[in-house]
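Survey of secondary and tertiary structure
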Amino acid sequence: MSARDQNDPFAPQNVCRALIKNKLITKDQAKALLQRRSKIEEELAKESRLRMASFGQKIANPVTFVDVVTRIGPMRADGKPGALEEDVIFQALAAEWKMEYKKIDPLKLDLNIVTTTIPRNFAMKHLVLPIEVNRDVLIVATPNPHNMEVIDDITRVTNMRVSTVVSSK
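Here is a short report on the structure shown in this document. (Residues numbered from 1 in each chain as written. Predicted model: local features only at pLDDT ≥ 70, side-chain atom pairs only at ≥ 80, totals over all residues. Heavy atoms only, no water.)

Here's the deal with the pattern of salt bridges
The test is simple: Only one rule defines a salt bridge in this text: a Lys or Arg side-chain nitrogen within 4 Å of an Asp or Glu carboxyl oxygen. By the criteria applied, helices consist of DSSP H or I runs no shorter than four residues and strands consist of E runs no shorter than two, each listed in order from the N terminus. Each residue is assigned to one of three classes by its accessible area relative to the maximum for its type, calculated with a 1.4 Å probe on protein chains only: buried under 20%, partly exposed between the two thresholds, exposed over 50%.
If you walk through the whole model with that rule in mind, you get eight salt bridges. The partner of glutamate 96 in a salt bridge is lysine 21, and the shortest N-O contact between them spans 3.4 Å. Taken as a pair, glutamate 96 in helix H5 (residues 86-97) and lysine 21 in helix H2 (residues 12-21) lie far apart in primary sequence, 75 residues in all. Classification of glutamate 96 by relative accessible area gives partly exposed; the value is 29%. Given a relative accessible area of 55%, lysine 21 falls into the exposed group. Between glutamate 47 and arginine 71 there is a salt bridge whose closest N-O contact spans 2.5 Å. Within this pair, whereas glutamate 47 is found in helix H3 (residues 27-54), its partner arginine 71 is found in helix H4 (residues 65-72), the two being separated by 24 residues in sequence.

Here's what the structure looks like:
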């Protein structure tokens, strides 16, 4: 693994390590995921481009290894029934990163905060969702809490301190 990958929380080896540590996949499942990675990434990127083109947009969120794992859907190794889902993967990553995980319930969102805090296009492009204001701190849910450039932009635009919680896409 390169030095860059060691620092990338979404590097395939780092995601696999977190999933193995949380007993969500086995080492053999991790090897199989890594072997199928390139083909699945290509499929997902193509689908994303087509989907964005149908909306008249060029920018699509990059495909991550979490997307690959979700697409393949390996059976859970922790004894619970079913395939590994995106929410469970992000819960494991949040635990690995020592951050809070928040499952977003659209019916419980404060639409005033969601719609007036940051521009919709920015939120969609960077996968950030303002969910709460608590004592002049804006709480933002995102699958990538490590993107400090985006967090700094939100701080500048809102003139508030920003705290992040991990959520699925």
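Focus: the nonpolar core
Selection rule: Throughout, nonpolar core names a set of buried Ala, Val, Leu, Ile, Met, Phe, Trp, Tyr and Cys residues whose side chains join them through atoms within 4.5 Å. Residue contacts are defined here by distance: any two heavy atoms, one from each residue, within 4.5 Å place the two residues in contact.
Core analysis: the largest hydrophobic core is formed by 25 residues, its most contacted members being Leu19, Leu84 and Leu93. For this core, the elements supplying multiple residues, two or more each, are H2, H3, H4 and H5. With seven residues, the top contributor of residues to this core is H5. Discounting residues that sit within four places of it in the chain, leucine 93 has contacts with Phe10, Val15, Ala18 and Val66. Formed by eleven residues, the second largest nonpolar core is a distinct cluster that contains Ile118, Leu138, Val150 and Ile154.

Notes on H2
Here H2 has its buried residues at Pro12, Asn14, Val15, Cys16, Ala18 and Leu19. In the stretch just after H2, lysine 23 is the one whose phi turns positive, near 60 degrees.

Such coordinate-based values are descriptive only and should not be taken to indicate function.
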